[in-house]
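Analysis of the macromolecular model
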Amino acid sequence: MGKSKQRIIAKAKNDKSQLNFTRQDALASVIEDLTYNPASISAKKMITLFGLTAEELSEAGLSYEVLRSLDCLIGNFCSYNYTQSIK
């Protein structure tokens with residue numbers, strides 16, 4: 001391994017501002033993003049990354065209308081309806 005790569009790895013291990021993002025931080029970030037922009041792509045990515053449930057989002061203060069607009073994203077609602085319509 002080269003010296004540069006060793007320095008980069010050592011710096012990342014000792015960096016005090018490493019990315020420590022808890023589930024609660026993610027939830028707060030998603031609620032804030034969706035409050036201002038219900039079509040926020042970054043919020044949708046965060047929901048899928050952390051697997052946030054509709055119950056968690058609702059308890060955190062997300063409005064019913066925005067929550068319903070996320071049906072396809074939360075809980076695979078769309079895939080369930082699609083498989084039910086095929087049968």
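Residues numbered from 1 in each chain as written. Predicted model: local features only at pLDDT ≥ 70, side-chain atom pairs only at ≥ 80, totals over all residues. Heavy atoms only, no water.

Side note on the packing of helix H2 (residues 23–36) against helix H3 (residues 41–50)
Close contact between H2 and H3 brings their axes to 9 Å; oriented N to C, the two are set at 150°. In terms of orientation, H2 and H3 fall into the roughly antiparallel class. For the pair H2 and H3, the sense of crossing is left-handed. Along the contact surface, H2 presents Arg23, Ala26, Ser29, Val30, Asp33 and Leu34, while H3 presents Ser42, Ala43, Met46, Ile47 and Phe50. Of the residues assigned to the contact of H2 with H3, the class counts are seven nonpolar, two polar and two charged. (Axes fitted to C-alpha atoms, helices over the stretch in contact; angles between N-to-C directions. Helix = DSSP H or I, 4+ residues; strand = E, 2+ residues; numbered from the N terminus. Parallel < 35°, antiparallel > 145°, perpendicular 65-115°, else oblique. Left-handed = near helix turned anticlockwise from the far one by under 90°. Contact = heavy atoms within 4.5 Å. Nonpolar A, V, L, I, M, F, W, Y, C, P; charged D, E, K, R; others polar.)

What to know about the side chain of Asp71
Relative to the helices and strands, Asp71 resides in the loop between helix H5 (64–69) and helix H6 (77–86). A polar contact is formed between the side chain of Asp71 and the side chain of Arg68, at a distance of 3.3 Å. (Polar contact = N/O pair within 3.5 Å; in protein donor to acceptor, adjacent residues only side chain to side chain.)

Some remarks on H2
Over its 14 residues, H2 extends 20 Å from the first C-alpha to the last, a length consistent with the 20 Å expected when each residue adds 1.5 Å. Regarding H2, the residues found buried are Ala26, Leu27, Val30, Ile31 and Leu34. In a view along the axis of H2, the buried residues occupy a sector of 135°, so they form one face of it. The outward face of H2, more than 90 degrees from its buried face, is lined by the exposed residues Gln24, Glu32, Thr35 and Tyr36. In the core, the buried residues of H2 are packed alongside H3, helix H4 (54–59) and H5. (Expected span 1.5 Å × (residues − 1). Buried < 20%, exposed > 50% of the residue type's maximum accessible area, 1.4 Å probe, protein only. Arc of directions from axis to C-beta.)

A few points about the nonpolar core
Counting 15 residues, the largest nonpolar core has Val30, Leu34, Ile47, Leu57 and Leu62 as the members making the most contacts within it. Counting only elements with at least two residues in this core, the list comes to H2, H3 and H5. Ranked by the residues each element gives to this core, the list is headed by H2, at five residues. Residues contacting Leu57, with those up to four places away along its chain left out, are Leu27, Val30, Ile31, Ile47, Leu52, Leu62, Leu67 and Ile74. (Core = buried A, V, L, I, M, F, W, Y, C linked by side-chain atoms within 4.5 Å.)

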